[in-house]
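The chain contents come next:
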Amino acid sequence: MTDQFDVIIIGAGPGGYSTALRAAELGRSTALVERDATVGGTCLNRGCIPTKALVTACHTLDMARRSRELGVDLELAGIDYGRLLDYKNRIVETMVKGLGGLLAHRGVDVVRGEASLRPGMDEAGLHVVDVTAPDGSVRRLAARDVVLATGAHARPLPSAPFSQAVIDSTAALSLDEFPSSATVIGSGAVALEFASIWHSAGCDVTLLMRRDRVLSGWNRRTGMTLTRELRRQGVKVIAHSAVTGIDVGANLGTRVRYTVGDDPQEKAMETELTLVAIGRDPNTGAAWIRDAGVTLDDHGFVVTDAHGGTSVPGVWAVGDITAGPQLAHRAFEQGIVVAESIAGVEPAPSPVDDATIPQVVFSHPEAACVGLTLERAEADPAYVSVQETQYPMLSNSRILMSGGNGALSLVSGCTAADPDTPVVLGVHMVGPNVSEIIAEAEQLVGNRVPVHRAARLVHPHPTVSEALGEALLKADGRPLHTR
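Residues numbered from 1 in each chain as written. Predicted model: local features only at pLDDT ≥ 70, side-chain atom pairs only at ≥ 80, totals over all residues. Heavy atoms only, no water.

An unreviewed UniProt entry lists the protein under the name Dihydrolipoamide dehydrogenase, with Bifidobacterium moraviense given as the organism. Looking at the protein in UniProt, the text filed under Sequence similarities (unreviewed entry) is "Belongs to the class-I pyridine nucleotide-disulfide oxidoreductase family." (UniProt positions renumbered as here; feature names shortened; annotations may be inferred.)

A. Quick peek at helix 14 (residues 466-475). With respect to burial, helix 14 is a largely interior element, nine of its ten residues being buried. Among all positions of helix 14, only Glu466, Ala467, Leu468, Gly469, Glu470, Ala471, Leu472, Leu473 and Ala475 are buried. Looking at the packing, one finds that the buried side of helix 14 touches strand 20 (383-391), strand 21 (407-415), strand 22 (418-431), helix 12 (438-446) and helix 13 (451-454). Glycine 477, located one to two residues past helix 14, shows a positive phi value of around 80°. (Buried < 20%, exposed > 50% of the residue type's maximum accessible area, 1.4 Å probe, protein only. Helix = DSSP H or I, 4+ residues; strand = E, 2+ residues; numbered from the N terminus. Contact = heavy atoms within 4.5 Å.)

B. Region of the structure containing the side chain of serine 181. Here serine 181 is to be found in strand 9 (residues 181-185). A relative accessible area of 15% means that serine 181 is categorised as buried. Among the polar contacts listed, one links the side chain of serine 181 to the backbone nitrogen of glutamate 272, at a separation of 3.0 Å. Residues within four places of serine 181 in sequence aside, it is in contact with Cys203, Asp204, Thr271, Glu272 and Leu273. (Polar contact = N/O pair within 3.5 Å; in protein donor to acceptor, adjacent residues only side chain to side chain.)

C. Representation of a nonpolar patch on the surface in the model. Nonpolar side chains collect at one region of the surface, where Met63, Leu70, Val72 and Leu74 lie side by side and expose about 370 Å² of accessible area between them. Residue position: valine 72 is located in the loop between helix 3 (48-66) and helix 4 (81-105). (Patch = residues over 30% accessible without salt bridge, like charges linked within 9 Å, V, L, I, M, F, W, Y side chains within 5 Å. Areas by Shrake-Rupley, 256 points an atom, 1.4 Å probe, with all protein chains shown as cover. Salt bridge = Lys/Arg side-chain N within 4 Å of Asp/Glu carboxyl O.)

D. Just the sheet that holds strand 19 (residues 366-371), in detail. Strand order in the open sheet formed by five strands is 18-19-22-21-20, with antiparallel pairing between adjacent strands. At either end of the open sheet lies a strand with only one pairing partner, and these are strand 18 (359-361) and strand 20. Within this sheet the neighbouring strands show an average axis-to-axis angle of 15°, counted without direction. Across three bridges, the pairing between strand 18 and strand 19 is antiparallel. Bridged to valine 361 within strand 19 is alanine 367. (Pairing = 2+ DSSP bridges. Axes fitted to C-alpha atoms, helices over the stretch in contact; angles between N-to-C directions.)

As structure tokens, this is what we get:
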């Protein structure tokens, strides 16, 4: 017996469940297939949400340590790991239950099991998906449209597979307590967030990175500022390093071997554990994906058109299995676009523009960016008269009160069609709570708002968001509290 739907979605992470919610909202009968026991994918269960819960808790530690400077006498007794994990798990459980309730309210049929898409179509012209449940039973589903949202997994070092002491972010979130010492390999969001969490908790953290700064693909000033701040706080950052191997002791513990720069002399570092955070690879290795005729690129990402359609008619792809920023909020928008494309919404939905996707790192301090860097804007023939405006974050009173530091760079330029009107092309920030103001920058960049108009928007005083307003004034040639 085959159960028929309008849409079948394989994977219940952000890309999958957003597709399901929008498709159901548009009146499409929808099945959402998930092999895990809960919906939400990596983001909700093993990534964004539990990590930020720990970030929130550890910010409390940082504030407690500053209390005497602020005139408040506090005694920091330590960390109750049981209660901390309960807090993290409670946040995740609440979010998962809420999502499950929303899916049920929209009438989405959540099917648990391992899915596989059959090649070709059945006699009715429908795609067929077999779902093998945990008990071994098989349920057959059919639909005209199938959406692939199978997510991604942590990439191991070729020379050191994951183990009890060489871990990925999922294992890091499952620890009963924070390590006393740790090596973190990588310089992206996952590496920096765990380095900040563990350091705040009193862990001796060493960060090994290949380039001269963290976030090497971002604006250079942003990466250099965050690198400096991490070092100032006490994180040991080793630049231009290359890991040659990791030895795991009989009683666990790791010994990381590495070289620095052009020096062939191998160095070594011993810590309680090593977190490898060098990127994530798409979950597209299942034979049925290729057997179904879905085209993959050289890195294993599903090749799609601007609206998420794959090489197979009626088969779509969203989220981390598509090339581009592996971010939940990008996947949300991809899911909405695919659902609306399937439903034939008029006017047709606009494709997701990766250049307007904000990126945030919840390190200490935070980093956030959206749009083009100076170098990328100058290299793009669509823009002329490109310039970068830098704003010193310590000019902002709330940044000064935080005891931290930061940087803000605003990139502007003119289009060939209007060479006399600079528009906002990119915003790059490091500092406390910049995650909460990057959305405003995204609106300016995404809508190509002219600098003179953006600079007329009034920001409340005193707030961190005022830093963006001051940078806009400076870019417009009317600096107020800075030169």
